[in-house]
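Listed below are the residues making up each chain.
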Number of protein chains: 2
Amino acid sequence: MAKINENYLKLPGSYLFSTIAKKVNEYTAKNPDKKIIRMGIGDVTRPLAKAVTDAMHDAVEDMGSYEGFHGYGPEQGYDFLRMLIVENDYKKRGIDIAIDEIFVSDGAKSDTGNITDIFAVDNTVAVCDPVYPVYVDTNAMAGRAGDFGKDGRWTNLIYMPCTEESGFLPALPSKHADLIYLCFPNNPTGMAATKEQLAVWVDYARRNGSVILFDSAYEAFIQDEDVPHSIYEIEGAKECAIEFRSFSKTAGFTGTRCAYTVVPKELKVGGVMLNGLWLRRQTTKFNGVPYIVQKGAAAVYSEQGQKEIKETISYYMNNAKIIREGLACAGLTVYGGVNAPYIWAKTPNGLGSWEFFDSLLEKAAVVTTPGAGFGPSGEGYIRLTAFSTLDATKEAVERIKKILY
Amino acid sequence: MAKINENYLKLPGSYLFSTIAKKVNEYTAKNPDKKIIRMGIGDVTRPLAKAVTDAMHDAVEDMGSYEGFHGYGPEQGYDFLRMLIVENDYKKRGIDIAIDEIFVSDGAKSDTGNITDIFAVDNTVAVCDPVYPVYVDTNAMAGRAGDFGKDGRWTNLIYMPCTEESGFLPALPSKHADLIYLCFPNNPTGMAATKEQLAVWVDYARRNGSVILFDSAYEAFIQDEDVPHSIYEIEGAKECAIEFRSFSKTAGFTGTRCAYTVVPKELKVGGVMLNGLWLRRQTTKFNGVPYIVQKGAAAVYSEQGQKEIKETISYYMNNAKIIREGLACAGLTVYGGVNAPYIWAKTPNGLGSWEFFDSLLEKAAVVTTPGAGFGPSGEGYIRLTAFSTLDATKEAVERIKKILY
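This structure is a prediction, so every number in the text was calculated from the model and none was measured. (Residues numbered from 1 in each chain as written. Chains lettered and ligands numbered in written order. Predicted model: local features only at pLDDT ≥ 70, side-chain atom pairs only at ≥ 80, totals over all residues. Heavy atoms only, no water.)

Chemist: Explanation requested: the overall build of chain A in the structure shown.
Modeler: A tally of regular secondary structure across chain A gives 13 helices and 15 strands. Oriented by its inertia axes, the alpha-carbon framework of chain A measures out at about 60 × 55 × 50 Å. A buried classification covers 63% of the 405 residues belonging to chain A. Within chain A, residue pairs in contact and separated by at least 24 positions form 73% of the contacts whose partners lie at least 6 positions apart. When the accessible area of chain A is evaluated, it comes to approximately 14800 Å², of which 52% is carbon and sulfur surface. (Helix = DSSP H or I, 4+ residues; strand = E, 2+ residues; numbered from the N terminus. Buried < 20%, exposed > 50% of the residue type's maximum accessible area, 1.4 Å probe, protein only. Contact = heavy atoms within 4.5 Å. Areas by Shrake-Rupley, 256 points an atom, 1.4 Å probe, with all protein chains shown as cover.)

Structural data, given as structure tokens:
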């Protein structure tokens, strides 16, 4: 008799977004004339840059011709793209990363999930709370999380609460952690870490033989000078950290799919280079990103591409400012939204996340995400995203202001 | 201290293709004026159909516009594509598959590798010998294969030799197998199985509570009427089999990346629907195939798309015929190449795979793949592929004929 992976049965349902969808549907059925504004989902809305679509048109032409056709590419990505990543995302910031330390992939979600393949099951795992659920669920699937308790926590995971008191920065884990997930700028809180703050983690990891899994998917939104874009800006990080980057939010690639992961050759566990293990994992279980998509991603680094994506990011960050300032003006305590497209707003009068969510939906027809959906320490907050249109953002803020005054 | 997945260290190096590359490089250095013909690699060479590139151009335009932009899509694929798959690949053959049993993905390699995530580590696994190495390596990485022995076999895998005597069809496993990988039309032997032959496996799996992982990546090359395109043509298969399909060879998508996996809802293990587990795996660890690529894949099913891909497949199958008949005419015993783009040729005079490979390279400047690279039972054979140009194929066959006469 075949046997399933029983860890899958321990996973609670993905109630968060399905519950939100259900509530929104009910509201719409009752209020067919109300225009819903969605500020909950972390998906971009603005089109790809023309530099990118031009490059993809050319690549489609290549694929339709005998001379330009591309079959299987290198699983780790074409050198034309990896070279641009090395030059633009690292060398320009004074970071020395080699081309064979870059692994192009179809998404940071896939990579942050699949990376645990190369680690033993009995590693202890530390995650922030609140947290992007993929880190938790993929470790639960692999058998590293133990059981899901009534308190909303997995028995074997180490939770690092990110609270208002600590500026939403996690404290060092309460007990020894082998693998540590960090995400800065952070999803869902929108908060960033300075070099000094990150250095504490690099130091911890080096002293304890831990590996930091650093999700840097939102680095393009950083506005402050002293916020590092890469964990490798911290000395010694190449010996203890894997970095995940994505074109999803940087260049609107959520439906185009391209990301990359950096595994430095200095990073060894028990004397074994993780770079070689990840190379083996990717060459065995992955066939690379479409040629057309890699050509599009390469165009992000062109002069025109950079100009266009920066305009789009400015557009979103202007939305973030409108949300942040509007909600503050309405009396809410707000965090994030300065170096990230997410705003983390404290509920008024000690309301629960879901209560405030319901109230915003019922009275303002604005959809947000209840913070409790990202972990127990998210209770008492809601997340708003800056990815809507300017007009819808303004209107949503006005509606929220009206009900809060 | 973090710990790596020690199973990775048990993997032997991927010596096959690197050894081939080394030998070819050495030959080229010594014989710079000789024109090498590559008949070894299973990658397509002809451009995408115009119907496909037209659809992709339109999709790129969509992605560059406000109205047509697509962000995150459903992880399981867009319904426009899943519906076409259901209608064309199943309904037209009298097979009833529901849309939510189709999971669109970036490749059959990824899917056949990742599928083992949903199974317990202690399942016993049966593979054909010779075999597509991904089935073996991914199970070794997951800890199901035991240790790699000096005989070229993993201690815990059940090998099902496919030999000349049995028409290269595997015999039922010698001991109980929980998971059984089958690939028809087969890579590397190019042989196909009839309905009656497949029915034996479905019967075995149903009696033993086994799950068949059926790789059908080469179904588009089937020419004979009595060869099933899908394992679901066999009664009862929906209760015991997962099927993997790909656009890679069907429509030249090796560099475009689109495939799909069918997990019927009737398929339960220990009372649990595997469909739900795979859905959970894919929604948690995967973000879907690019919109542009799915639009291209959908165009494969258009009238023009079908016409074009059939022309390309005919072109390759004509190459297969030339290889098969040419080598037979030169006195070799050849298999495959009738319902598959692979020809499995017996080495002459009891030569070893590598000896014959060397001889073809040295004397004819033709690159093949030694059968031993696919498993111990591949010794004494070489694999040739039909994916080259007509001219190169003809010339390669002439050169081989010349050295064999």
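Chemist: Before we go on, may I ask you to explain the interface of chain A and chain B in this structure?
Modeler: Reports of interface size often rely on the accessible area that becomes lost once the parts have come together. Every contact between the two is made by 77 residues of chain A and, on the other side, 77 residues of chain B. With both sides pooled, the region where chain A packs onto chain B buries about 6500 Å², and carbon together with sulfur makes up 57% of that total. Seen at the junction of chain A and chain B, the total is 6 salt bridges. A salt bridge links K3(B) to D178(A), with the nearest nitrogen and oxygen atoms 3.7 Å apart. Elements supplying a minimum of two residues to the side of chain A that touches chain B: α1 (7-10), α3 (50-63), α5 (108-114), α6 (133-141), α9 (274-285) and α10 (291-299) of chain A. Tallying contributions element by element places α9(A) first for the side of chain A that touches chain B, with 7 residues. A per-class count over the side of chain A that touches chain B returns 33 nonpolar, 28 polar and 16 charged. (Buried area = accessible area lost by both parts, 1.4 Å probe. Salt bridge = Lys/Arg side-chain N within 4 Å of Asp/Glu carboxyl O. Nonpolar A, V, L, I, M, F, W, Y, C, P; charged D, E, K, R; others polar.)

Chemist: So what exactly am I meant to see when it comes to the packing of aromatic side chains here?
Modeler: When we look at a pair of aromatic rings, we describe it by the centre distance and by the angle of the planes. Across all of its chains, the model carries 43 aromatic pairs over all chains by this definition. Here the aromatic rings of F80(B) and Y291(B) are separated by 6.4 Å at their centres, their planes lie at 90°, and the arrangement is edge-to-face. With F80(B) in helix α4 (residues 79-90) and Y291(B) in helix α10 (residues 291-299), the pair connects residues that are 211 residues apart, well separated along the chain. Here Y291(B) falls in the buried class, since its relative accessible area comes to 4%. Three or more aromatic residues link up through ring pairs in this structure, and these residues are Y90(A), Y232(A), F247(A), F253(A), Y260(A) and Y301(A). Seen from the ring of Y315(A), R46(A) lies directly overhead, with NZ or CZ sitting 3.4 Å from the centre. The cationic tip of K295(B) hangs over the ring face of F80(B); the distance from NZ or CZ to the ring centre is 4.4 Å. (Phe/Tyr/Trp six-rings, centres within 6.5 Å; stacked < 30°, edge-to-face > 60°. Lys NZ or Arg CZ within 6 Å of the ring centre and 35° of its normal.)

Chemist: Got a minute to help me understand the relation of the copies chain A and chain B in this structure?
Modeler: Copies of the same chain, two in number, are related to each other by a rotation about an axis and a translation along it. Placing chain A over chain B gives an RMSD of 0.0 Å and needs a rotation angle of 180°, together with 0.0 Å of translation along the axis. The transformation just described matches what one would write down for a two-fold rotation axis. Taking C-alpha positions as reference, the residue of chain A nearest the rotation axis is H57(A), located at 3.0 Å. Of the residues that chain A buries at the interface, 100% are likewise interface residues in chain B, meaning the two copies contact each other through the same surface. (Least-squares fit on C-alpha atoms with pLDDT ≥ 70 in both.)

Chemist: What is the right way to look at empty space enclosed by the protein in this model?
Modeler: Regions of empty space are outlined by a rolling probe, equal in size to a water molecule, passed over the atoms. Counted under the stated rule, the structure contains 6 cavities of 30 Å³ or more. Taken as a whole, the largest cavity holds about 110 Å³ of empty space. What lines the largest cavity is a set of 15 residues, and nearest its centre among them are N114(A), F286(A), D106(B), N114(B) and F286(B). Among the elements of the structure, α5 and α9 of chain A together with α5 (108-114) and α9 (274-285) of chain B are those that each provide at least two residues to the lining of the largest cavity. Classifying every residue of the lining of the largest cavity by side-chain character gives 2 nonpolar, 6 polar and 7 charged. (1 Å grid on protein atoms, 1.4 Å probe; cavity = no way out; pocket = protein on both sides within 12 Å on 5 of 7 lines; lining within 4 Å. Points joined across faces, edges and corners; volume = space filled by probe spheres on them.)

Chemist: Help me understand the sheet that holds strand β7 (residues 241-246) of chain B, please; the structure alone is not making it clear to me.
Modeler: The pairing of strands in a sheet happens through backbone hydrogen bonds and is either parallel or antiparallel. Residue and element names in this part refer to chain B. The strand order across the open sheet formed by 7 strands is β2-β8-β7-β6-β5-β3-β4, and the pairing between neighbours is mixed. In this open sheet, the two strands that pair with only one neighbour each are β2 (102-105) and β4 (157-161). Pairwise comparison of adjacent strand axes, ignoring direction, gives a mean angle of 20° for this sheet. Relative to strand β8 (residues 259-262), β2 runs antiparallel, the two being bridged by 4 bridges. Its bridge partner lying in β8, F103 is registered against T261. Seen against the sheet, α4 touches β2, β7 and β8 and runs at an angle of roughly 115° to β2. (Pairing = 2+ DSSP bridges. Axes fitted to C-alpha atoms, helices over the stretch in contact; angles between N-to-C directions.)

Chemist: Explain the environment of T312(B) to me, please; I cannot follow it from the model alone.
Modeler: All names here are of chain B. When you line up the elements, T312 lands in helix α11 (residues 303-329). For T312, a relative accessible area of 22% gives the class partly exposed. Separated by 265 residues in the primary sequence, T312 and P47 place their C-alpha atoms 9.0 Å from one another.

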